[in-house]
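# Coordinate inspection notes
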Amino acid sequence: MAGKVVIGADHGAFELKEKIIGHLKSKGFSVKNMGVDTPDSVDYPDIAGITCREYLTGEYEFGIVCCGTGIGISISANKIDGIRCALVQNIFAAEMSKVHNNANFIAFGGRIDYPDSVTDMVDAFIDADFEGGRHLRRVDKIMALEK
Ligand code: RB5
């Protein structure tokens, strides 16, 4: 059975967020929407903060953050201990962000023209498995950088 996903977006990606939420629900995921749901301007670090802190409660399989480019909100998410947020650009990167980096968040830009559909990228991430082995050593070294 599909698990729980937490998602947040700034005004630059609230429509994309709605599309992703619909897709995840159609796949059976339970989705916690941290907003925003209107085009009114907000600051993406605030959305990254509330979305990542909700993820860190431990209830969620993974998280998604979106802003206009995905850049600001992914940078912000990666400032929070425990978060490995991948700003993915295509299906291959989405898959590899799990296989090699064991990302627990993926980020997208609502104003970006991707070569692949965002929902296909989300599916590639969901369907991939972390390979472990030498990649675990590297992910452990990523996390050690927090100290
Ligand atoms: C907001 O205008 C915009 O700067 C934000 O959505 C994002 O693209 C920043 O990285």
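Residues numbered from 1 in each chain as written. Predicted model: local features only at pLDDT ≥ 70, side-chain atom pairs only at ≥ 80, totals over all residues. Heavy atoms only, no water.

## Digging into the overall build of the protein chain
Short version of the rule: Where helices and strands are cited, they refer to DSSP runs of H or I of at least four residues and of E of at least two residues respectively, numbered from the N terminus. Radius of gyration: over C-alpha atoms. The globule rule applied is 2.2 Å multiplied by the number of residues raised to the 0.38 power. Think of it in three bands: residues with accessible area under 20% of the maximum for their type are buried, residues over 50% are exposed, and the middle band is partly exposed, with areas taken using a 1.4 Å probe on protein chains only. The contact definition used throughout considers only heavy atoms, calling two residues in contact when any of these lie within 4.5 Å. Positive residues here are Lys and Arg, negative ones are Asp and Glu, while His and the chain termini are left out of the count. Every charge is mapped to an atom, namely NZ of Lys, CZ of Arg, CG of Asp or CD of Glu.
Counting secondary structure elements, the protein chain contains six helices and five strands. Tracing the protein chain from N to C terminus, the helices and strands come up as β-α-β-α-β-α-β-α-β-α-α. Taken over the C-alpha trace, the protein chain has a radius of gyration of 14 Å; the compact-globule value for 147 residues is 15 Å, and the two agree within 12%. For the protein chain, the residues scored as buried account for 52% of the 147 residues in total. Across the protein chain, contacts joining residues at least 24 apart in sequence account for 70% of those joining residues at least 6 apart. Each charge class in the protein chain was averaged separately, 16 positive and 21 negative side chains, and the resulting centres sit 7 Å apart.

## Some remarks on the packing of helix H1 (residues 14–26) against helix H5 (residues 118–127)
Rules: To obtain each axis, a line is fitted to C-alpha atoms, and for helices this fit is confined to the stretch in contact; angles are then taken between N-to-C directions over 0 to 180 degrees. Note that the term roughly parallel is reserved for angles under 35 degrees, roughly antiparallel for angles over 145, roughly perpendicular for angles of 65 to 115, and oblique for everything else. In a left-handed crossing the near helix is turned counterclockwise from the far helix by less than a right angle, and in a right-handed crossing that turn is clockwise.
Where H1 contacts H5, the axes come no closer than 10 Å and their chain directions differ by 50 degrees. Comparing their axes, H5 and H1 come out oblique. When the axes of H1 and H5 are compared, the crossing they make is right-handed. Mapping the contact onto sequence places Leu16, Ile20, His23 and Leu24 in H1 and Val118, Thr119, Val122, Asp123 and Ile126 in H5.

## Considerations on the site of the ligand
Selection criterion: Proximity criterion: a residue is near a molecule or strand once any of its heavy atoms comes within 4 Å of it. Any pair of nitrogen or oxygen atoms within 3.5 Å is treated as a polar contact; in protein, a donor-acceptor pairing is required on top of that, and neighbouring residues in sequence qualify only through side-chain atoms on both sides. For this classification, Asp, Glu, Lys and Arg are treated as charged, while Ala, Val, Leu, Ile, Met, Phe, Trp, Tyr, Cys and Pro are nonpolar and the rest, including Gly, are polar.
For the ligand, the full set of nearby residues is Asp10, His11, Tyr44, Cys67, Gly68, Thr69, Gly72 and Arg111. Within the backbone of glycine 68, a nitrogen or oxygen atom sits 2.7 Å from an oxygen atom of the ligand. With respect to the ligand, the side chain of arginine 111 contributes an N or O atom lying 3.5 Å from an oxygen atom. Residue composition of the shell around the ligand, grouped by class: two nonpolar, four polar and two charged.

## Quick notes on the side chain of histidine 23
Note on placement: histidine 23 falls in helix H1. Taking the relative accessible area as the measure of exposure, histidine 23 reaches 19% and is therefore buried. When residues no more than four places from it in sequence are discounted, the contact partners of histidine 23 are Thr119 and Asp123.

## Topic: unusual backbone geometry
Valine 36 follows glycine 35 through a cis peptide bond whose omega is 0 degrees. Of note, valine 36 is situated in the loop between strand E2 (30–33) and helix H2 (44–55). A positive phi is found at asparagine 102, a non-glycine position, where the angle reads about 45 degrees. By the secondary structure assignment, asparagine 102 is in the loop between helix H4 (91–99) and strand E5 (105–109).

## Side note on the packing of aromatic side chains
To be explicit about the condition: Centres within 6.5 Å are what make two rings of Phe, Tyr or Trp a pair, Trp counting through its six-membered ring; a difference in plane orientation under 30 degrees is then read as stacked, over 60 as edge-to-face, and the rest as tilted. Geometrically, a charge over a ring is one whose NZ (Lys) or CZ (Arg) sits within 6 Å of the ring centre while staying within 35 degrees of the ring normal.
Counted according to the given criterion, the structure contains four aromatic pairs. Ring pairing ties together the aromatic residues Phe29, Phe62 and Phe125, which thus form one cluster. Over the ring of phenylalanine 125 we find lysine 98, and its NZ or CZ is 4.4 Å from the ring centre.

Remember that the coordinates give geometry; whether it matters functionally is a separate question.
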